Protein chains: 2
Amino acid sequence: MSPPRRGSGPQLIAYADRLCGDLAGLRRLLDGPLAGAFTGVHVLPFYVPIDGADAGFDPTDHLTVDPRLGTWDDIAAIAASHDVMADMIVNHVSDESAPFVDWLADGEGSPYDGMFLTLGAVFPDGATEDDLITVYRPRPGLPFTRVRTHTGGMKLMWTTFTPHQIDLDVEHPTGWQYLLSVVERLAASGVTLVRLDAVGYAIKRAGTSCFMIPETFEFVDRLAAEFRAHGIQVLVEVHGHHQMQIDIARRVDLVYDFTLPPLVLDALYRGDSGPLRRWFEIRPANAVNVLDTHDGIGVIDVGADPTHPERPGLLEPDRLSDLVEEIHRRSEGTSRLATGVAASNLDLYQVNCTYFDALGRDEDRYLTARLIQCLVPGIPQVYYVGLLAGGNDVDLLERTGVGRDINRHVYDSAEVEAALSTPVVQRLVRLLRWRAGHPVFDGTFEVLDAPDHELHLRWEHEPSATAVDARIDLAAATWTVVETTAGSTRELHEVDDL
Amino acid sequence: MSPPRRGSGPQLIAYADRLCGDLAGLRRLLDGPLAGAFTGVHVLPFYVPIDGADAGFDPTDHLTVDPRLGTWDDIAAIAASHDVMADMIVNHVSDESAPFVDWLADGEGSPYDGMFLTLGAVFPDGATEDDLITVYRPRPGLPFTRVRTHTGGMKLMWTTFTPHQIDLDVEHPTGWQYLLSVVERLAASGVTLVRLDAVGYAIKRAGTSCFMIPETFEFVDRLAAEFRAHGIQVLVEVHGHHQMQIDIARRVDLVYDFTLPPLVLDALYRGDSGPLRRWFEIRPANAVNVLDTHDGIGVIDVGADPTHPERPGLLEPDRLSDLVEEIHRRSEGTSRLATGVAASNLDLYQVNCTYFDALGRDEDRYLTARLIQCLVPGIPQVYYVGLLAGGNDVDLLERTGVGRDINRHVYDSAEVEAALSTPVVQRLVRLLRWRAGHPVFDGTFEVLDAPDHELHLRWEHEPSATAVDARIDLAAATWTVVETTAGSTRELHEVDDL
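Residues numbered from 1 in each chain as written. Chains lettered and ligands numbered in written order. Predicted model: local features only at pLDDT ≥ 70, side-chain atom pairs only at ≥ 80, totals over all residues. Heavy atoms only, no water.

**As for the overall build of chain A**
Here's step 1: When helices and strands are counted, chain A shows 19 helices and 21 strands.
Here's step 2: Its C-alpha radius of gyration of 23 Å places chain A within 12% of the 23 Å reference for a compact globule of 498 residues.
Here's step 3: Structurally, chain A occupies a C-alpha span of about 75 × 50 × 45 Å along its principal axes.
Here's step 4: Surface summary for chain A: the accessible area is close to 18,100 Å², and the carbon and sulfur share equals 50%. (Helix = DSSP H or I, 4+ residues; strand = E, 2+ residues; numbered from the N terminus. Rg over C-alpha atoms; globule rule 2.2 N^0.38 Å. Areas by Shrake-Rupley, 256 points an atom, 1.4 Å probe, with all protein chains shown as cover.)

**Regarding the interface of chain B and chain A**
Here's step 1: In this assembly, 26 residues from chain B lie in contact with 26 residues from chain A.
Here's step 2: Of the roughly 2,100 Å² buried between chain B and chain A on both sides combined, carbon and sulfur atoms contribute 56%.
Here's step 3: Of all residues in chain B, E129(B), I133(B) and R146(B) bury the most surface against chain A, accounting for 33% of the area lost on that side.
Here's step 4: Inspection of the chain B/chain A interface yields zero salt bridges.
Here's step 5: In this assembly, chain B and chain A are joined by 13 residue pairs in polar contact (both at pLDDT 80 or more). (Contact = heavy atoms within 4.5 Å. Buried area = accessible area lost by both parts, 1.4 Å probe. Salt bridge = Lys/Arg side-chain N within 4 Å of Asp/Glu carboxyl O. Polar contact = N/O pair within 3.5 Å; in protein donor to acceptor, adjacent residues only side chain to side chain.)

**What about the relation of the copies chain B and chain A?**
Here's step 1: Superposition of chain B onto chain A requires a rotation of 180° combined with a translation of 0.1 Å along the rotation axis, giving an RMSD of 0.0 Å. What we have between these two chains is a two-fold relation. (Least-squares fit on C-alpha atoms with pLDDT ≥ 70 in both.)

**A few points about the sheet that holds strand β21 (residues 488-492) of chain A**
Hydrogen bonding along the main chain pairs the strands of a sheet, whether they run parallel or antiparallel.
All names here are of chain A.
Here's step 1: Spatial ordering of the open sheet is given by β17-β18-β19-β20-β21, a layout of five strands whose pairing is antiparallel. Looking at the sheet topology across the chains shown, the edges are occupied by β17 (444-448) and β21. In this sheet, adjacent strand axes meet at a mean angle of 15° when their direction is disregarded.
Here's step 2: Here β17 pairs with strand β18 (residues 454-461) via five bridges, running antiparallel. Paired with L448 across the two strands is H456, which belongs to β18.
Here's step 3: On top of the sheet, helix α15 (residues 363-375) reaches β17, β18, β19 (466-473) and β20 (478-485); it is set at about 145° to β19, its chief contact. (Pairing = 2+ DSSP bridges. Axes fitted to C-alpha atoms, helices over the stretch in contact; angles between N-to-C directions.)

**Quick notes on the side chain of H42(B)**
Residue and element names in this part refer to chain B.
Here's step 1: Within the secondary structure, H42 sits in strand β2 (residues 40-43).
Here's step 2: The class of H42 is buried, set by a relative accessible area of 0%.
Here's step 3: Those residues in contact with H42 that sit more than four places away from it in its chain are L12, I13, A14, M85, D87, R195, Y256 and Q381. (Buried < 20%, exposed > 50% of the residue type's maximum accessible area, 1.4 Å probe, protein only.)

**A short note on the sheet that holds strand β10 (residues 193-197) of chain B**
All names here are of chain B.
Here's step 1: Strand order in the closed barrel formed by eight strands is β1-β2-β5-β10-β11-β12-β13-β16, and the pairing between neighbours is parallel. With direction set aside, neighbouring strand axes in the sheet form an average angle of 30°.
Here's step 2: In this sheet, strand β5 (residues 83-89) lies alongside β2 in parallel orientation, the contact comprising four bridges. Paired with H42 across the two strands is M85, which belongs to β5.

**Describing helix α10 (residues 260-270) of chain B**
All names here are of chain B.
Here's step 1: Burial analysis of α10 places ten of its eleven residues in the buried class, which makes it a mostly covered element.
Here's step 2: If you check which residues of α10 are buried, you get L260, P261, P262, L263, V264, L265, D266, A267, L268 and Y269.
Here's step 3: Of the residues one or two after α10, G271 is the one with positive phi, at around 60°.

**Details of the nonpolar core**
Here's step 1: Core analysis: the largest hydrophobic core is formed by 150 residues, its most contacted members being L26(A), L196(A) and F219(A).
Here's step 2: Element by element, the count of residues in this core is highest for helix α7 (residues 173-188) of chain A, at eight residues.
Here's step 3: Of all hydrophobic cores here, the second largest spans 149 residues; its members include W103(B), M115(B), F116(B) and L492(B). (Core = buried A, V, L, I, M, F, W, Y, C linked by side-chain atoms within 4.5 Å.)

**Overview of the pairing of strand β7 (residues 144-148) of chain A**
All names here are of chain A.
Here's step 1: Among the five residues that make up β7, four are buried, leaving the element largely enclosed by the rest of the structure.
Here's step 2: In this sheet, strand β8 (residues 154-158) lies alongside β7 in antiparallel orientation, the contact comprising five bridges. Bridged to R146 within β8 is L156.
Here's step 3: Where β7 hands over to β8, the hairpin turn is made up of five residues, of which G152 adopts a positive phi near 90°.

**Let's talk about the domain arrangement of chain A**
Residue and element names in this part refer to chain A.
Here's step 1: Taken domain by domain, chain A comprises domain 1 (11-91 + 173-442), domain 2 (98-167) and domain 3 (444-497).
Here's step 2: For domain 1 and domain 3, the distance between their C-alpha centres works out to 26 Å.
Here's step 3: Residue-level contacts link 26 residues of domain 1 with 30 residues of domain 3.
Here's step 4: When residues of domain 1 are sorted by the area they lose upon contact with domain 3, R277, L375 and V440 head the list and together hold 24% of the total.
Here's step 5: At the boundary of domain 1 with domain 3, the tally comes to two salt bridges.
Here's step 6: Inspection of the domain 1/domain 3 interface yields eleven residue pairs in polar contact (both at pLDDT 80 or more).
Here's step 7: Put simply, the parts of the chain that give the side of domain 1 that touches domain 3 at least two residues each are α10 (260-270), α11 (274-282), α15 and α19 (423-437).
Here's step 8: Sorting elements by how many residues they give to the side of domain 1 that touches domain 3 places α15 first, with seven residues.
Here's step 9: A class-by-class count of the residues in the side of domain 1 that touches domain 3 yields 15 nonpolar, four polar and seven charged. (Domains from an automatic or database assignment. Nonpolar A, V, L, I, M, F, W, Y, C, P; charged D, E, K, R; others polar.)

**Re the pairing of strand β18 (residues 454-461) of chain B**
Put simply, side chains in a regular strand alternate between the two faces of the sheet.
All names here are of chain B.
Here's step 1: Across the eight residues of β18, six count as buried, placing the element largely inside the fold.
Here's step 2: In textbook terms, the turn of a hairpin is the stretch between consecutive antiparallel strands, and for strand β17 (residues 444-448) and β18 this stretch comprises five residues.
Here's step 3: Strand direction decides the pairing type here: β18 and strand β19 (residues 466-473), joined by eight bridges, are antiparallel. Of the residues in β19, the one forming a bridge with R458 is D469.

**Concerning the packing of aromatic side chains**
Here's step 1: With the rule as written, the count across this model stands at 44 aromatic pairs over all chains.
Here's step 2: Ring centres of W176(B) and F219(B) lie 6.1 Å apart, and the angle between their planes is 70°; this geometry places the pair in the edge-to-face category. Placement of W176(B) in helix α7 (residues 173-188) and of F219(B) in helix α8 (residues 214-228) is noted, with a sequence separation of 43 residues between them. This pair shows no difference in class: W176(B) is buried, exactly as F219(B) is.
Here's step 3: Among the aromatic residues, those joined into a ring-pair cluster are F280(A), W434(A), F441(A), F445(A) and W459(A). (Phe/Tyr/Trp six-rings, centres within 6.5 Å; stacked < 30°, edge-to-face > 60°.)

**Quick notes on the pattern of salt bridges**
Here's step 1: This structure, assessed with the given rule, holds 68 salt bridges over all chains.
Here's step 2: With a shortest N-O distance of 3.1 Å, R458(A) and D469(A) are connected by a salt bridge. Placement of R458(A) in strand β18 and of D469(A) in strand β19 is noted, with a sequence separation of eleven residues between them.
Here's step 3: Owing to a relative accessible area of 13%, D469(A) belongs among the buried residues under this scheme.
Here's step 4: Residue R471(B) pairs with E454(B) through a salt bridge whose shortest N-O separation is 3.3 Å. Of this pair, R471(B) sits in strand β19 while E454(B) sits in strand β18, and the two are 17 residues apart along the sequence.
Here's step 5: What makes R471(B) partly exposed here is its relative accessible area of 36%.
Here's step 6: The class of E454(B) is buried, set by a relative accessible area of 15%.

Listed below in structure tokens is the structure:
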């Protein structure tokens, strides 16, 4: 059975190997130096292999823990003291996975026949230029890859991401059974939260965008029901227009708030809380709130709707373009090295940069951003590089040529120890412990009126008679938190006061 | 008017910038240290820009010499003493070229409307999976890229190579006029040979391979007629099954013999002249004979027909696979770093490696390979890295991530000077001078019987009463050339004797 969930406290998000070698090391870190800071941890893909074409997001065997990290028992051991979130790679498998190799060899004779999606299965009568343009993608090419089968004949596989990630036909009984086997396996090891990776692309229909169409919602409902029957909540990962996140949030347990990374940067760069406050008025509360993840800082999430450009985003085009340039400026150009070439900043999907570098390594601004993150309704989730106030890893970027690697540093234990002893990280850990232990965050949230350069947020919790009232000066990166507990009030200005 | 052609003597093939900075430097080299070695030079793309997405093969302005290299006058100056071969990039232009940018902005109002090929223009009723699989490609993805037009609407451009190389509709009057303007420009500067780059992909028809179909031959005929009217010969560049090269050779002035690089390696690796001799029986004589070019060592050119796998290649599958492994072994694994990952060696398109490294930097084998190259009917063409017996440039490969850059070293003048003074290069230059000046190569060619480990080739020229009779021991990499001139005979065993 799954252990109980530990609520909305902060969660760490990390690659076990890149932060601390393996799963046992991750457990030691969470129970040791980080004790009390996190109630949960999102362990990024730990399946075989963790170092494929997409850093674990292209498993060849979704049912086995990569032996370099440990075993399912190590997952269960972490789950004994922390909520464990795991990824479910819904949309595809590696082209080296045994089922796909078997199907290439045996075709209709393979038990996996039907598990993988071809162009012809969706467009039996052919696809017109309009059909293909209507398929939504964040990349300029088409999502198809030719493969050679045992007969020597070719098939055109649907490959939304890289040519080595073969899309599943999740509606075919074979594909669906495969997904159910993953559900069972995760539940058996005490996982209580599952992130559905790239699920927006899972369902394809000719003539549609093949992205978050009504049939996708129905599919997510079916899959979430299976997880719920095992006591597991589902987090849906979709990048796109903010209204889509609002719509999705109504139908699922949890969504990401991917608008926060750019909106908080915008607010701190400009000393203007306007766009952030407008977002507070409409945003869903059942959100995992991030400032950084293993992916980049979303541009698409605050821009105009890419499938309906007439729907505006949370930031005006010029302001969004300025934001991108300012990230590049504050990171001294390193983020530009890691970020795709696009016709304009508005065509960018995301900017690759550590959050600390995006704020020019200004510790006060950085902790102010993290304070805002902790005060937003939902689950604050902190990426391991952000936890350690890491800078852009240009060496790794140059070695691999993978833009996102600039924010995926591989730490050794001495580096982790050194980072944990720096004042900025110690203050961040203190902030997270305050957030993790404070009863007020089970209460109600309010955004109060304030001048444009300020953000005034308030939490109250009646049963525990506590309140937290935060006035944040975005321009100065200073703040006052008034904390009321059982009638007594104290005023805090520094993380060290918390 | 074009200067007269200088016959079938050796040609250099080089990027002006990578060998000697600019066109003036190239001329100094040809007229100085290399005087007498080359009767012609293929100057790799020198148009604006020389450093685009595909090292000059994606011009934004095909009518202008990149000012970093010089001007059209520099081309004409080289043409005063050497045949000059230039590339015509027939299939595509850069997505940054002025006509394409203009068309994106103005659509049907642009004077360039119709110049660029869309999926819909070829498949107005849509393309089925079979249609798309039938389109021949050496890459696993599909050759289409979405672009946004002025109206905000998207188009799906045909992009055979990279997403930044937009295929032309060469059959549309606007595309054809563009090509004619390039013909005029080349003729005006004394170019006498034109290489039609990737012309096999130029014509597309729904339901076909879109590669070297009958309509492509008709198009090449039309284009070659325009060149011939200006005194220019046409070299057609197509990689593919050897029978296709034979068929093409019947219809055009010149084809490449891309089978020689792998066949000569195979012969020297195994000490077996079998496949090479079988090729001599059927090969076209109107060929440009290469061992190395700016591209890799062709695998596809000696393998089974990729569009009709039942037609065998010049090397059996196992032997071809062994050849690829042997290149990697002799280059101490560096070529493997530069060569695409493929399911098997037979799916490889080409192996990226300098020819000197492919022979393990064995000078005797290297000069034996060059001797064979000089004795094969046609025009011997020597790549600048091969001329200087250059090794694999792993640094450049790592810096750019472009596999072919392993064989595209950028020399400075000190490096060129040092290389020219090495014994292996001095002997190669001597060999080329012998080939350039010898009247026998205007005569008749014969392959004589010999044991398997030998190659016995003979040239005779009646009017000059000369003969060259070469017995090459492939296993030992030794040879005997018996040269008869006006009744006297001498026997040569070393390049230094030539």
